[in-house]
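For reference, the chains in residue letters:
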Amino acid sequence: MMHYVCKYTPVELFAGFGEKYTVLDDMPDNFDLSDRIAHPNLCGFGKSVIQSALSKGIDKLVLVNCCDTMRRVYDIIKDSGTCSFLYMIDLPHKCGYCQKEAFTESLLHLKSAYEKYTGKQFDRNAFKSAFPPLQRVSGPYVGILGARVGREIEAMIKKSIPFPVRNLTCIGNRSLSMDINALENVPDEKQLFMIYADALLSQLPCRRMNDSTARRCLYADPNLRGVIYHTIKFCDYYGFEYSEIKDKLTVPILKLETDYTRQSEGQLQTRIEAFSETLSGLENKKAKKRSSIKEHFVAGIDSGSASTDIVIMDQNKNIVASVITPTGGSAQSSAGKSLDEALHKAGIDRSSISRIVTTGYGRSYISGSDESITEITCHAKGAHYLNPAVRTVIDIGGQDSKVIRIDETGAVRNFVMNDKCAAGTGRFLEMMARALGLSLEEMSTLGLNWKEDIIITSMCTVFAESEVVSLVAQNKAVPDIIHGLNNSVAAKVSTLVNRLGLKEDFMMTGGVAKNTGVVHAIEDKLGIKLYICKEAQLCGALGAALFALE
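The model shown is predicted, which means the values in this text are computed figures rather than measured ones.

Asker: How would you sum up the side chain of E12? Please name residues and give values.
Answerer: Inspection of the secondary structure puts E12 in helix 1 (residues 11-15). Discounting residues that sit within four places of it in the chain, E12 has contacts with F127, A130, F131, R174, L176 and Y196.

Written out as structure tokens, the structure is:
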């Protein structure tokens, strides 16, 4: 089996030798093998190719020298000696006549190399039979654009999005336009491969080609209903394109950045599902479905990494009971115990609850719920219920931070989240409080009495903890250290807010909203006033309960 990674790879050539081929786009769990032999700053996709080549025993691999990363990947795999056939194709970055001639020579050289490797003869008929017919796709769809995505993320997107999904990333939009019948009358092999080179280079260009203006057609399609734009860390080409188009698109767009591993699948799932909930048509569909339901009591369950929050509401949208308990080691167990406690406080039994909606990271692991909705949509709903004037919601949870833009109806219009790093989250503050020997309640106000402006330089939770320990050893005052920590959280959050843009009124939700020091630091950093209410930590569960009522 021949493996390849780029859409410019002449896979039909290998069909001419009777060889099967498949794209190499697995997302590994980690880079343990790759990191042993490759530089740590290699981009995630380059590492994934090395990881797959080493862990899966790939014997035959064709690479394309589209960027420096792939050149390094070729060198590393060649040095490992794991592939019996490893070949690097020289790809022109233009599509002119001279480039087609040069690419023709590259294809012929590859053909000769493979003939020598296998001892087989090239079969023209098998080669011509390998070209699939062009497929015409019509109707509304959501496009995956940007840098390539692994099949795992593509499957996740297709499962979550309420429209057909088209993978229009580099390897996903491989399509050759050529007249197969015309090849019958081409006696000269070089001329045959010149036509083939023309078809390969005339594809919709990737961002590595010098002229990629033809890519505009991807965003001008009237059937396009939304864009999920994927970028890979340390790969700038598609980051530039995202910056160019994000403010010009007239359809919703979600940016996903990964390191090309399957780590943080839960967070990615939340982002994709929240994006799905913002797409036009879905909300109307849900509203229609819910409009016929008449209930007396409903429950919203927000299963977070740090706490499980419950809100029970009656049919008039009155909160009749609420509970906040530590999640502990089991989302299911914590939700069950918390719901029992909330029912006891409300003075009703389980049979009185006609509908339950779950949200939060543990939402998919709680059985017995009627529906699961992302915490992004639920926080927007809850915030609008608590203060209809709010347009920007800052939610700092146990393991992530989100900034959500909502409209006058409480619907999500856009959102951004932190990456998988815990910096600036509730977990970050929890670990710092532990390092200082304080409770979170003590830490929330001690920093208000600061005198020296200490800057915490490390945003990584582990390094920041070491820095705090070092400051304690220097006899720095604890209020000054806490003030520095609050400012580091505010800096992280303000970056997210500025990415979305400032729009009043502002509200802060989540457990960190109870931390007065962090609230003041964010207000000072952004020059805004945050609306804080006593139900701030319950906002997600409150939104879930409101959805249950609808």
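Asker: Before we move on, could you go through the pattern of salt bridges and cite the residues and values that matter?
Answerer: Inspection of the entire model under this criterion finds 27 salt bridges. Its salt-bridge partner being R151, residue D25 comes within 2.6 Å of it at the nearest N-O pair. Taken together, the residues D25 in the loop between strand 2 (21-23) and helix 2 (34-37) and R151 in helix 7 (residues 151-160) connect sequence positions 126 residues apart. The buried category is assigned to D25, whose relative accessible area is 7%. Its salt-bridge partner being D29, residue R262 comes within 3.1 Å of it at the nearest N-O pair. In this pair, R262 sits in the loop between strand 8 (253-258) and helix 10 (265-278) while D29 sits in the loop between strand 2 and helix 2, placing the two residues 233 residues apart along the sequence.

Asker: Summarise the sheet that holds strand 15 (residues 401-406); cite the residues concerned and give the values.
Answerer: Here we have five strands laid out as an open sheet, ordered 16-15-14-17-18, and mixed in their pairing. This sheet does not close on itself; its edge strands, each paired only once, are strand 16 (412-417) and strand 18 (530-531). As paired elements, strand 14 (residues 392-396) and strand 17 (residues 506-509) share four bridges and run parallel to each other. Counted as the bridge partner of I394 is M508 from strand 17. Taken strand by strand, helix 17 (residues 478-500) contacts strand 14, strand 15, strand 16 and strand 17, and its axis lies near 140° from that of strand 16.

Asker: Pulling in residues and values, what's your account of the side chain of T104?
Answerer: Residue placement: T104 occurs in helix 5 (residues 97-118). Other than its neighbours up to four places away in sequence, T104 contacts K190, F193, M194 and A197.

Asker: Requested: an account of the pairing of strand 12 (residues 353-359), with residues and values cited.
Answerer: The buried fraction of strand 12 amounts to six of the seven residues, a majority that puts the element mostly inside the structure. With six bridges connecting them, strand 9 (residues 297-303) and strand 12 associate as parallel partners. Looking across to strand 12, one finds that A299 is bridged to I356. The sheet contact formed by strand 12 and strand 13 (residues 371-372) spans two bridges and is parallel.

Asker: Let's hear about the layout of surface pockets: which residues, and what values?
Answerer: Here the largest pocket defines a volume of roughly 1,000 Å³. Along the wall of the largest pocket there are 29 residues; nearest its centre are L134, Q135, N173, R174 and S175. For the lining of the largest pocket, the elements supplying multiple residues, two or more each, are helix 1 and strand 6 (165-167). Here the residues of the lining of the largest pocket sort into 16 nonpolar, eight polar and five charged. Mapped by element, the contributors of at least two residues to the lining of the second largest pocket are strand 10 (307-314), strand 11 (319-326), helix 13 (375-386), strand 14, helix 14 (426-436) and helix 15 (440-446).

Reading the values: the criteria
Residues numbered from 1 in each chain as written. Predicted model: local features only at pLDDT ≥ 70, side-chain atom pairs only at ≥ 80, totals over all residues. Heavy atoms only, no water. Helix = DSSP H or I, 4+ residues; strand = E, 2+ residues; numbered from the N terminus. Contact = heavy atoms within 4.5 Å. Salt bridge = Lys/Arg side-chain N within 4 Å of Asp/Glu carboxyl O. Buried < 20%, exposed > 50% of the residue type's maximum accessible area, 1.4 Å probe, protein only. Pairing = 2+ DSSP bridges. Axes fitted to C-alpha atoms, helices over the stretch in contact; angles between N-to-C directions. 1 Å grid on protein atoms, 1.4 Å probe; cavity = no way out; pocket = protein on both sides within 12 Å on 5 of 7 lines; lining within 4 Å. Points joined across faces, edges and corners; volume = space filled by probe spheres on them. Nonpolar A, V, L, I, M, F, W, Y, C, P; charged D, E, K, R; others polar.

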